Amino acid sequence: HLSMAASGASADREDDAMHESAQELAATVQFEANQLLIMCLLLVLALLLGRVLHRHHVSSLTESGLFIAVGVLFGGLMYILVENGAAGREAMQHFFFNHELFNLILLPHIIFEAGYSLPRDLFFTRIGAILTFAVVGTVIATLFTWLLIVIFSQTGLVLRLSVIEAGALAALISAIDPVSTLTLFKLLKVHPDLHNILFGESVLNDAVSIIIFRSIQRFFKATFRPVQDTLLSAVAFAEVASGSIGIGLLVAFCAAGVLRLSRLGHTSDSAIVEAGVFWIFSYGSFLVAEAVDLSGIVSALFCGIAMQRYAVPNLSAEARVAVPLLLQTIASLAETTVFVLVGLA
């Protein structure tokens, strides 16, 4: 009887634990659903207000600034009204500025669409200037930022960091953000040469920043060898840049081959399938590069350039209309989401 009673008590505890776990899961799903609903409503509001700006030709406030303001106002309101104290605020902040969401979901589509719509001739005729700004400019910016962080750290004005930690932080924050560059240049309608040079630099300096970051952590130690370690850093940069570009081109050629050999464009009502296949390859270029520890941004950019040249001719007439609309819609929503998230954070 004692053993049966013990078994019954154990079963009751297991049932209670399962019930509590189910309740926690349901609460988590409900909380995340509410957050997604709020985010969708904010996107609708931001997009509608952006159209109002364009319709009335308001030049004193940029569209990106408006999106950030929407996020700031709503985030401040929620911070005041939230009922769950510090824990609730921390959970909201984790959702509203989720690094995985930004890096793996939003950024790839923005960069690919930019590469897809980029004038190839203007871009490659300015490749020398682009590489100069991307490599030399980023190195100079990193060294200057590194020095300032070390000085402020030693004087106690900021959090005290070691020289290696300061260098790693400088490498991470010295690169130009391609999202803000793209959005601002589209709004101002700058000269194509200026657009291509600065956009190309803002994308390629991602690879430079990755190499500087890794080089500082790997080579800048007590046994630092200036000549040898500098050469190793240069080789590492060449590996990341060439590998990322190679993956982007390889994915683009695979997409072109699949679209050509499958002959999707020769069947009726195939535009949706073609656009879906096209999008999957576009996103895959970023994921493959990141999976092998290269630059997904550089890979997505060159994949977009190559797919526009080699994959688009294998699409049907309907798909050639649908694909640009699909890419522009996704990129526009991603850009809007990024700026709203910045305001919420």
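Residues numbered from 1 in each chain as written. Predicted model: local features only at pLDDT ≥ 70, side-chain atom pairs only at ≥ 80, totals over all residues. Heavy atoms only, no water.

> Is there a simple way to think about the overall build of the protein chain in this case?
Helix and strand counts for the protein chain come out as 13 helices and zero strands. For the protein chain, the α and β elements follow one another from N to C terminus as α-α-α-α-α-α-α-α-α-α-α-α-α. Within the protein chain, buried positions represent 39% of all 345 residues. Sequence separation of at least 24 residues holds for 77% of the intrachain contacts in the protein chain that already meet a minimum separation of 6. Total accessible area on the protein chain is roughly 19,400 Å²; 68% of this is exposed by carbon and sulfur atoms. (Helix = DSSP H or I, 4+ residues; strand = E, 2+ residues; numbered from the N terminus. Buried < 20%, exposed > 50% of the residue type's maximum accessible area, 1.4 Å probe, protein only. Contact = heavy atoms within 4.5 Å. Areas by Shrake-Rupley, 256 points an atom, 1.4 Å probe, with all protein chains shown as cover.)

> What is the right way to read the nonpolar core from this model?
In summary, soluble globular proteins display a tendency toward joint burial of nonpolar side chains. Ranked by internal contacts, the top residues of the largest apolar core, which has 44 residues, are Phe112, Phe278 and Met307. Considering every element that reaches this core, the biggest residue donor is helix α12 (residues 296-310), with nine residues. Those residues in contact with Phe278 that lie beyond four places of it in its chain are Phe112, Tyr116, Leu259, Met307, Ala311, Val312, Leu315, Val323 and Leu327. (Core = buried A, V, L, I, M, F, W, Y, C linked by side-chain atoms within 4.5 Å.)

> Explanation requested: α12 in the structure shown.
Along an α-helix, a turn takes 3.6 residues, which lines up residues three or four apart on a common side. When the terminal C-alpha atoms of α12 are compared, their 20 Å separation across 15 residues agrees well with the 21 Å that a helix rising 1.5 Å per residue should span. With twelve of its 15 residues buried, α12 lies for the most part within the structure. Buried within α12 are the following residues: Gly296, Ile297, Val298, Ser299, Ala300, Leu301, Phe302, Cys303, Gly304, Ile305, Ala306 and Met307. (Expected span 1.5 Å × (residues − 1).)

> It is not clear to me how a nonpolar patch on the surface should be interpreted in this structure. Could you clarify?
Judged by side-chain polarity, Phe144, Leu147, Leu148, Ile151, Phe152, Leu157 and Val158 come together as a nonpolar surface patch covering roughly 650 Å² of accessible area. As for its placement among the helices and strands, Ile151 is situated in helix α6 (residues 127-155). We classify Ile151 as partly exposed; its relative accessible area is 40%. (Patch = residues over 30% accessible without salt bridge, like charges linked within 9 Å, V, L, I, M, F, W, Y side chains within 5 Å. Salt bridge = Lys/Arg side-chain N within 4 Å of Asp/Glu carboxyl O.)

> Which parts of the structure should I look at to understand the environment of Arg260?
As for its placement among the helices and strands, Arg260 is situated in helix α10 (residues 226-262). The exposure class of Arg260 is exposed, given its relative accessible area of 58%. Expressed as a C-alpha distance, the spacing of Arg260 and Ala311, which sit 51 residues apart in the sequence, is 8.2 Å.

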